[in-house]
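# Summary of structural features
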Amino acid sequence: MSAKSKSRRHLPAIVFIFLQFLSTSLFAQDAGSATPAQGEELNAEMVAAGETLFNNNCKVCHAVHSKVLGPPLANVYERRPIEWIKSFVRNSQQVIESGDEYAVNLFNEYNKTMMTPFDFSDEEILSIIEYIKSETLKGPPVEEKVTVAATETTVQEQGISSGLLITFLVLLLIILVLILVVLFVLVSVLTKYLKLKAELSAEDKEIVYQELEFGKFIKSPGFVWVATFILTAFIFKAVIDGLYNVGIQQGYAPTQPIAFSHKVHAGDFKIDCNYCHTGVRKSRNANLPSVNICMNCHVSINKVTGATEPSVEIQKIYDANENNMPIEWVRVHNLPDLAYFNHAQHFEVGGITCQTCHGPVEEMDVLRQQENLTMGWCIDCHRKTEIRTDNGYYDKLVKIHAEKSDKPMVVEDIGGLECSKCHY
Amino acid sequence: MKKDKKQYWKGVEQLTNHPEFVKFASREFPQELPIEDGKLKEDGGSTRRDFLKLMGFSLAAASLAACEAPVRKAIPYLNKPEEIDPGIPNYYASTYTNGGNYASIVVKTREGRPIKIEPNKLSNVTGSGTSVQVEASVLSLYDKARLTGPYINGSAVEWKELDSQVKTKLESIVSGGGQIRIVSKTILSPSTKAAIDKFIERYPGTDLVMYDPISAYGMVKANERSFGRAVIPTYHFDRANIVVSFGADFLGTWINPIRYSADFIKNRKLENGKKTMSRLYQFEANLSLTGANADYRAPIKPSAEGLAVTTLYNLLASKAGKPALATSPVKADHLDKAANDLWANRGRSLVVSGSNDPNVQVVVNAINDLLQNIGSTIDLKSPVYFRQGDDEKMRQFVSDLGAGKIQGVIFMNCNPVYDYYQGEKIKAALEKINLKVSLCEREDETATSTDYVAATHHYLESWGDANPSEGEYSLQQPAISPLFNTRQAEVSLLTWAGNNNVDYYEFVKNYWKEHFFSTQNKESDFTRFFDKCLFDGVYSLNPMAVTMEMITFGGDVNAAASSISKTYSANSNAVELALYETIALGDGTHANNPWLQETPDPITKACWDNYLTISQTMANELGVELIESDTYLLDLKVGDKTYTLPAIVQPGQARGTVGLAVGYGRTKAGRVGNNIGVNAFPLISKKNGLPLMNVTDGVTVTMTNKPAKVAQTQTHHTFMNREFVVQETTLDTYKNHPEHAFHRPAIAVSTGLEKKLGDQKIDGRVPPREITLWKGHSYDNHHWAMTIDMNACIGCAACTVACQAENNVPVVGKKEVINRREMAWIRIDRYYSSEKGATSNKELEKAAENPEVTFQPMMCQHCNNAPCETVCPVAATTHSTEGLNQMAYNRCIGTRYCANNCPYKVRRFNWFKYHDNSKFADNTSMNNDLGKMVLNPDVTVRSRGVMEKCSFCVQRIQYGKLEAKKKGRRPIDGEITPACASACPTDAITFGDIKDPESKVVSVLQLKDRGDKQEIHEHRAYHVLEEINVRPNIWYLAKVRNKEENA
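Residues numbered from 1 in each chain as written. Chains lettered and ligands numbered in written order. Predicted model: local features only at pLDDT ≥ 70, side-chain atom pairs only at ≥ 80, totals over all residues.

## Comments concerning the overall build of chain B
Let me state the cut-off plainly: In DSSP terms, a helix is any run of H or I states spanning at least four residues, a strand is any run of E spanning at least two, and both are numbered starting from the N terminus. Residues are called buried when their C-beta atom has 20 or more other C-beta atoms within 10 Å, exposed when it has 12 or fewer, and partly exposed otherwise; all C-beta atoms are positioned from the backbone. Contact criterion: two residues are in contact if their C-beta atoms, reconstructed from the backbone, are within 7 Å.
Helix and strand counts for chain B come out as 32 helices and 45 strands. Across the 1047 residues in chain B, those meeting the buried criterion constitute 56%. Taking the intrachain contacts of chain B between residues at least 6 apart in sequence as the baseline, contacts between residues at least 24 apart amount to 74%.

## Some points on the interface of chain B and chain A
Think of interface size as the accessible area that goes away when the parts come together; that is how it is often given. For clarity, the cut-off: Residues were grouped as follows: Ala, Val, Leu, Ile, Met, Phe, Trp, Tyr, Cys and Pro as nonpolar; Asp, Glu, Lys and Arg as charged; and all remaining residues, including Gly, as polar. Strand pairing is defined by DSSP finding a minimum of two bridges between the two strands.
Contact residues are listed per partner, giving 40 residues for chain B and 43 residues for chain A. Mapped onto the side of chain B that touches chain A, the elements with two or more residues apiece are helix H3 (44–67), strand S2 (73–74) and helix H30 (954–966) of chain B. Considering each element in turn, the side of chain B that touches chain A owes the most residues, 6 residues, to H30(B). By residue class, the composition of the side of chain B that touches chain A is 17 nonpolar, 13 polar and 10 charged. When strand S1 (residues 329–330) of chain A meets S2(B), the two strands line up antiparallel, connected through 2 bridges. Each residue of the ladder has a partner; that of A:Val330, found in S2(B), is B:Lys73.

## What to know about the nonpolar core
Selection rule: To count as a nonpolar core, a set of buried Ala, Val, Leu, Ile, Met, Phe, Trp, Tyr and Cys residues must be joined through C-beta atoms within 7 Å.
Counting 302 residues, the largest nonpolar core has B:Ala308, B:Val363, B:Ile367, B:Leu579, B:Cys799 and B:Cys980 as its most contacted members. Considering each element in turn, this core owes the most residues, 7 residues, to helix H12 (residues 358–370) of chain B. Discounting residues that sit within four places of it in the chain, B:Ala308 has contacts with B:Phe246, B:Phe283, B:Ile300, B:Val330, B:Ala332 and B:Leu335. Judged by nonpolar contacts, the second largest core, of 23 residues, contains A:Phe54, A:Ile85, A:Ala266 and A:Ile271.

## Description of the confidence of the model for chain B
All names here are of chain B. Basically, it comes down to this: As a per-residue quantity, pLDDT reports the predictor's confidence and falls between 0 and 100.
When pLDDT is averaged along chain B, the result is 89, and 92% of the positions lie at 70 or above. Counting contacts from residues 37–45, a segment whose pLDDT is below 50, to residues more than four positions away or on other chains yields 4 contacts. For this predicted complex, the interface confidence reaches an ipTM of 0.86, while the overall pTM sits at 0.85.

## Side note on the sheet that holds strand S5 (residues 113–119) of chain B
Residues and elements named next belong to chain B. For clarity, the threshold we go by: Angles shown run from 0 to 180 degrees and are taken between the N-to-C directions of axes, each axis being a line fitted to C-alpha atoms and, for helices, limited to the stretch in contact.
Strand order in this open sheet of 3 strands is S3-S4-S5, and the pairing throughout is antiparallel. Every interior strand has two partners, whereas the edge strands, strand S3 (90–98) and S5, have only one. Between one strand axis and the next, the sheet turns through 40° on average, direction left out of account. Of the strand pairs in this sheet, strand S4 (residues 101–110) and S5 are connected by 6 bridges, and their pairing is antiparallel. Among the inter-strand pairings, valine 107 is bridged to a residue of S5, identified as isoleucine 117.

In structure tokens:
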């Protein structure tokens, strides 16, 4: 990027950097969530462990500050004794059946939905509570909006750079047209001047009194040749583009048997992708959820938020369950059989977010294919993406790479572009 | 360097340099062969134009078709089973049994489908590896020829109907005091026997008759006569320094070859500087796998076998000062030497015989007794139960059946009409029987002769257990729910015995609770104990007892010898027939398995057929010439039976003998296995009342002059006579001068370079690796490499089928094998070697009389300077940063330049679309919905027009790496094993990362990594064709024969 263009967009850049600072400082707060200012010592390790556990297990039905399927958990450690929480988490049914008043009230308040029992150890429950404590102390989230703003700015900033190019091109075009006009004026002035002079030779006259014959020009071999060339080039380009698009389904958003909305589930309710796509951490397949996973929640949710009547779409899950017929979803992301893709490698090992390839799924009512999923797209990412080096597997490679280069180690550097990484 | 240059040859046509051989050898692909039937164009140009037209059309069609993307469904489970995660394999320990053939296995399943069989390393019996038949058995599960439900007289019925009819008939037989027989092959399962006992309890008058198609009853009888124990002992081949075998193919087919070969090779490996190994003598008629691995082999006629054993006895008796037996001596090469060696290794030697003649076995026992082997290499206290067939009882059954003394017969997982030598008699007698039931997997020859067919599960769908040898137990658990409306044989028996809703899992569990739970004290809870056994797959009652009580020989060796001298003769001139079992097909039970049919026999290298193996001498007499699959049909007449068979000229075949395999000639096996070859079981001879595999009289062989073709792969993919593909030496040379025992190619250099290279110089020459055009590759991460120990490779071909299963390698069928288009990624090259070449028939006879044999597994060598990579115009084959030579199928345009340029001839071209193509219906794993379930979903099924080859099982490497990454560490040596190495029963193949100093490959090669250079200190390690400096990642460890110089 040239120095000139940098200076031109210094204002948005500064805004961006400022926001970045803001968000990173917030992240920093996240990481070291122990806030001594609040007067209570939190065990950072336990909070981290608790956060993982919470995200993987509780998040689907609970939030710290708001009501999801279950009650908000802020201050739960003050509301109930630890022992009660332990027994409720492990087997809420037992607690309710024992006639515990609080539990019965809770059960009735939440549409008589039974909480899934979790076989957690004492330590695990305590670390989840520790995490809840830290979140409670932080107060309801406000930082999210700022982060979103930061992302938006990033998008804008990218827009600026391509916009600049267009402006530049337009300017160039205007200048060229101006030059053309000036030249034309010059020629006509000179011709006029020459015409005033009588003593022109025959040859010169021919040139000066030359008239532009449109028909002749069209038929001239030069023009025919140029026109044919341009036409052919355009057709050729169109064909090539067309062929390159064969089999590419970017934007593909088929109608699904159930009008399932990722926006509602992943966006509004913030259900972790993992909760339904169970294979993403361990398998090559992310897995579509089986009906029993849907039923974990939908056993008690049969209406869309705000609706009074039971949803027709949710009814389809019940029908599938009753008729013992699996749901036949339409596959949106189709890789050719010859390409091997492994979710675990990218998500679990590489730390790539789902959105990198699938786009802002949490904003899609109807799921669509965001990226083109071509090999070029894969390769492009492998050229740019840095290796997450906190994995013991890469230790030696990082060391060797550091000796050879001062750039960060990207997937390409460790053979990420080789054929047999994806084709076998 | 060697003094005498040995000649290596793959077939007689190569030895004589026959013009046909030369023609094919110089041509990589037989271009003139038709690609489509009857469409051979005389003008080559029009074929190309057709191709272009087609290509243009298909391109247009493809782009049109692509406009409307096909809707692909993704259907998740309704209720996902907890243990199944799509994309992640599950492994279940189980047990393979086919009669008395046994292997403890681990079944790999994907999404609930078994796709691959691996050895169960926890097993004391077969933990070392698998065999061809075990590997291929997973395909039989998805066989369309399997029965889909019960039948009565050929029409499908409900189980209820069949049960009530069978029960009524059983009742009426029992109330009338009638006799019922359950006929079966060897039953290894104690719980099955318990189920049969329950049946017998309910229906008195029932008896169990077990038989083995290839019987070892003579041995059991002999052991009873010699030691008072009617058992087959455990043989410890690993403890023997000298092994002498009379026709026992213990590395290939005899009793328990997986264990025997592992044990035998344990004492043959020269690892970690070990300089001693056992010596094997083999006396036999056909060249068997064991004979091919013998240090000294002598071809003898079957009629002399008994006398050869007594001659050996007499030689040893004279040393021991014991009276000799009154038999005529037989002259066989190496017999004296064997006697000397045996005598010098008393207590550390082993003599075995494959004969079913108890007299011969008694003398063998006497020899082992003379040598003090009983109790050291022969353990009678821990018998094995692989052959429980009782030939006398079975013969009685057949005669009773004929005489109408039996009213009901139940055939349980056996097919005696086909595989018992009196099968025709059984078939005829069955017509008069009131109740005949078949418990079987497929409608075989026996099932079609019975009224009631109770379809059984495949073993991968069944519960069960096995007791292969004393104190060793293993469990069998289903790896898939039953595909069809079938029922396990035991359940049928228990149902007929009056139990309702039999849960055989509970039955097995209860049996274990009753019999095994109390034998241990580690687990106090039965469920935990059973789950542990199920998880491990095996349970050992007691670790092998260390002290072995002496069992004394009490047999009458003189009586045995006198019977031998009556039935055997030292110099018979008659043509004799030696029947044998092949490694792939065995007794023919799995004849409908195309993987087995296409496995080339390790010795003859022929597949899809059975044939008569004849000696070169006989070939000269009859005028048979075997040139590049072209041969002649011979008429084999045995008694009143005549068979017409193609001939294969077999070097090493004893003069005056012919060999023929059993297991072929099925008529009711299924579409793949039907009508291939002839059924040789009825030819089994009945000398001494016991079935013998050798027919010594009444055999004539005549020439028909009709040409025939056999699908032989031996001369395909030849090395163009390049030297030093195979390297070998003798033990003495290796012991004394390991550094000079092998050929080290060197290249002459100019003096300038010579100076620079300093100590690398050998007589003004340097090793080829010192000179190269290429920059080489640097390996920061992994560097995968393999060693193949040719001293350990016995040529059993388990790796070939394991590779086929793992890598979705198609079956091409007999015709295409004849067209030299087999697809196997790993082949086992079998080389004969003789002192001299041959130009005349007489010389050929001498060279082919008893050649040495070397096996060399050959697959992509993953060269670091790969010749294939440089010639690919589209970079479809490239080198990876981990040392793999990778092949991108979707990039390949099929020029076949790479195959032309491959010095090892390991690349395979897809001449056809082998999947979803009715013309290759025999390739069942790719051509029907059921068969496709066996495909490995991690490996692409290749299409027409692309090249393929060994990938070092890259899918396993990637999987292993990912598993390690998920745990945040480096892969541990041994976690990543290609299919071939994992299947190998003798551990001949070692695979690993030579960048990992802890890896076994590094220690095998004694590799020292000096930064820029790797030094190999193992003297036996060499590269095939080292002189062309392609720097393969596969090292071979040269073969060492325990043979004396100039012997």
